[in-house]
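# Fold and geometry: a report
Letter by letter, the chains look like this.
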Amino acid sequence: MRQGGTAARPVRGPAVVPSLDSWGLSADAGLAYRALVQLGPATAQQLARHLGMRAARISPALAELAALGVAREPRRRGLWRAVDAAEAPALDRPREPLWIGELHRRHLAAVASLHLDRVPPAAVHRLSTRAAARHRIGQLVAGERHEHLAINTEDVITPDAHAAARPLDRSLLARGVRMRILGLTPAPGGPQAGPPGSELRVAPSVPLKLMVFDRKSALFPADPVDFDAGAIEITDPDTVAGLTKLFYDHWRAAGAAHHPEVPPVMLTLREQAIVALLTAGVSEEAAAAELGLSRRTVVYTLRALMDRLGVDNRFQLALILGAARAVPLPDVRQPVPTTPQEQP
């Protein structure tokens, strides 16, 4: 229909804003998303003025939206744009709102405190996938000589993650690197334990998942709930020092070290006698002569014990036996009884 020769323009109604409440967004992030949908692309300052909020509240809210994939990161002009929730890959699967929201808020608050916008670009490295992050962690662990700090945010370590971390943990402890791990207070029936020889403390809440390598480099997830999104590595000295301080602030607040119950390691009489002699500094040959065994039997017995306990060398064996409070060793000067399977 025409009026006066001019086509009538359809009246555009208000933009429909999908609800993201079930995804655990903070109130500030929800308001920022609604404003972006209604206003269109806007800077953080424009959003702050529109919502009557301080800019210090807008930046974490936008970072929270970016982490969920419902807002694009700012480009050259600093414009943020809302993304249709149906197109956001981070929303493909259901998540527990309260847990996700709290974890995101803590992670984003910790990252915001780093002021990464002030860090030289060359000191911030994005590792785009979980595989890339694991590869880089392996490289950093291989170079550590003094101290490895880690914060775990998981309630349960998956078998896949445990398998990936186990050889790295062993290599650190075998080199005498101090390993300190801060984790969440375990649920009843699910004690959280670090590798034997490490120091573990637990707390009701932790700020973010983090690793600090010899206080020279730090690494944390790009997305606190989707480790497939990769990680961020920081090498800026001041930022790494800040993350080290963050770790130790929470480490001290965690209180006394948590010593999880380690299942007892039951040694046979022969294993007890051999371990006692070797711990006292006796050579394999001398231990064999003392016990009336062949040197080959001593070596095979030790190898079988290490295989049973999942360790690679005697240093690790000593650590795990100490952590497990192995049964007291007998007087090795007395005759050593043997069972049929332990005949020389």
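Refer to the structure presented above.
Attention here is on the structure that accompanies the text. (Residues numbered from 1 in each chain as written. Predicted model: local features only at pLDDT ≥ 70, side-chain atom pairs only at ≥ 80, totals over all residues. Heavy atoms only, no water.)

### Focus: the packing of aromatic side chains
Taken as a whole, this structure holds 2 aromatic pairs when the rule is applied. Relative to Tyr-248, the ring of Phe-247 has its centre 5.1 Å away and its plane inclined at 85°; by these criteria the two rings are edge-to-face. Neither residue differs from the other here; Phe-247 and Tyr-248 are each classed as buried. By way of ring pairs, the aromatic residues Phe-247, Tyr-248 and Trp-251 are connected into one cluster. (Phe/Tyr/Trp six-rings, centres within 6.5 Å; stacked < 30°, edge-to-face > 60°. Buried < 20%, exposed > 50% of the residue type's maximum accessible area, 1.4 Å probe, protein only.)

### Looking at the sheet that holds strand 9 (residues 210-213)
A sheet is described by the order of its strands in space; here 7 strands give the open sequence 5-11-10-9-6-7-8, paired in mixed fashion. Each edge of the sheet is formed by a strand with only one pairing partner; in this case those strands are strand 5 (124-127) and strand 8 (199-203). Strand-to-strand twist in this sheet, taken as the mean axis angle between neighbours without regard to direction, amounts to 15°. By the bridge criterion, 4 bridges tie strand 10 (residues 217-221) to strand 11 (residues 231-234) in an arrangement that is antiparallel. Residue pairing in the sheet places Leu-219 in a bridge with Glu-233 of strand 11. (Pairing = 2+ DSSP bridges. Helix = DSSP H or I, 4+ residues; strand = E, 2+ residues; numbered from the N terminus. Axes fitted to C-alpha atoms, helices over the stretch in contact; angles between N-to-C directions.)

### Observations concerning unusual backbone geometry
A positive phi angle, close to 50°, is found at His-115, a residue other than glycine. Tracing the sequence through the fold places His-115 in the loop between helix 4 (97-112) and strand 5. With a phi angle near 50°, Asp-214 is a residue other than glycine that sits in the positive phi range. Topologically, Asp-214 is positioned in the loop between strand 9 and strand 10.

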